[in-house]
Amino acid sequence: SEREKDKQSATREIKLLRQLLRESNSSEREKLLTDAFTPKEALIVPGTAANAAKAIDGEAPEQEKPMPEVPPPDFINCCKAVLLNFGNLNIDEERGDLATQIKLIASEAEVVATRIYGQGMTAKEQQDRAWKEQTTSIFDLETLEIEAERRGEVAPWANPDANDDLIPGFGPDGKMQIGGT
């Protein structure tokens, strides 16, 4: 009966969380997480119109990169949502309230995801990577724009005369315009 409820769950993340909450053995939870987070090759190519047209022309459909059954960030967001909505429920006297169980599962999920995908990057590491790859971050652009304003200049990408930031149907004062101009 519980497996039937899992099949009816709205998302794979909820289904996985339900399975993990029922499992009391840490190593079994780890196996479930590893299976769900490990990227898998799709055996069936999605039946999109573009792939169908390619098949008619005799071309092989595009292969997508392997994806996990449940992406770790989606699972963590699911855990946060359940904690926010149901974290105060006390469902098991031995293992504690729901919040305690989900936090334990989330920490186990983090260990498994790090083992599969490696350590995430800090903001500094992302900036260093952008520098090494010679890309420009939005923070660099903001700094350049502020420096240009201090010198009395306008950054090349900034045009103060353009009404780019106005939503159609609204005036410069932010009020909706009704009727003619």
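Quick summary incoming for the structure in this document. (Residues numbered from 1 in each chain as written. Predicted model: local features only at pLDDT ≥ 70, side-chain atom pairs only at ≥ 80, totals over all residues. Heavy atoms only, no water.)

**Describing the overall build of the chain**
Turning to step 1, where the next piece is worked out: Looking only at helices and strands, the chain has eight helices and zero strands in total.
Turning to step 2, where the next piece is worked out: Mapped in sequence order, the helices and strands of the chain form the string α-α-α-α-α-α-α-α.
Turning to step 3, where the next piece is worked out: As displayed, the chain has an accessible area near 14000 Å², and 54% of this comes from carbon and sulfur atoms. (Helix = DSSP H or I, 4+ residues; strand = E, 2+ residues; numbered from the N terminus. Areas by Shrake-Rupley, 256 points an atom, 1.4 Å probe, with all protein chains shown as cover.)

**Quick look at the pattern of salt bridges**
A side chain of one charge can pair with a side chain of the opposite charge when the charged atoms of the two come close.
Turning to step 1, where the next piece is worked out: Evaluated as defined, the whole model comprises six salt bridges.
Turning to step 2, where the next piece is worked out: Two residues, glutamate 28 and lysine 31, come together in a salt bridge whose shortest N-O distance is 3.5 Å. Residue glutamate 28 and its partner lysine 31 are located together in helix α3 (residues 26-37), separated by three residues, close to a single helical turn.
Turning to step 3, where the next piece is worked out: Residue aspartate 128 is joined to lysine 124 by a salt bridge in which the shortest nitrogen-to-oxygen separation is 3.2 Å. With a gap of four residues between them, aspartate 128 and lysine 124 both fall in helix α7 (residues 123-132), about one helical turn apart.
Turning to step 4, where the next piece is worked out: For lysine 124, a relative accessible area of 57% corresponds to the exposed category. (Salt bridge = Lys/Arg side-chain N within 4 Å of Asp/Glu carboxyl O. Buried < 20%, exposed > 50% of the residue type's maximum accessible area, 1.4 Å probe, protein only.)

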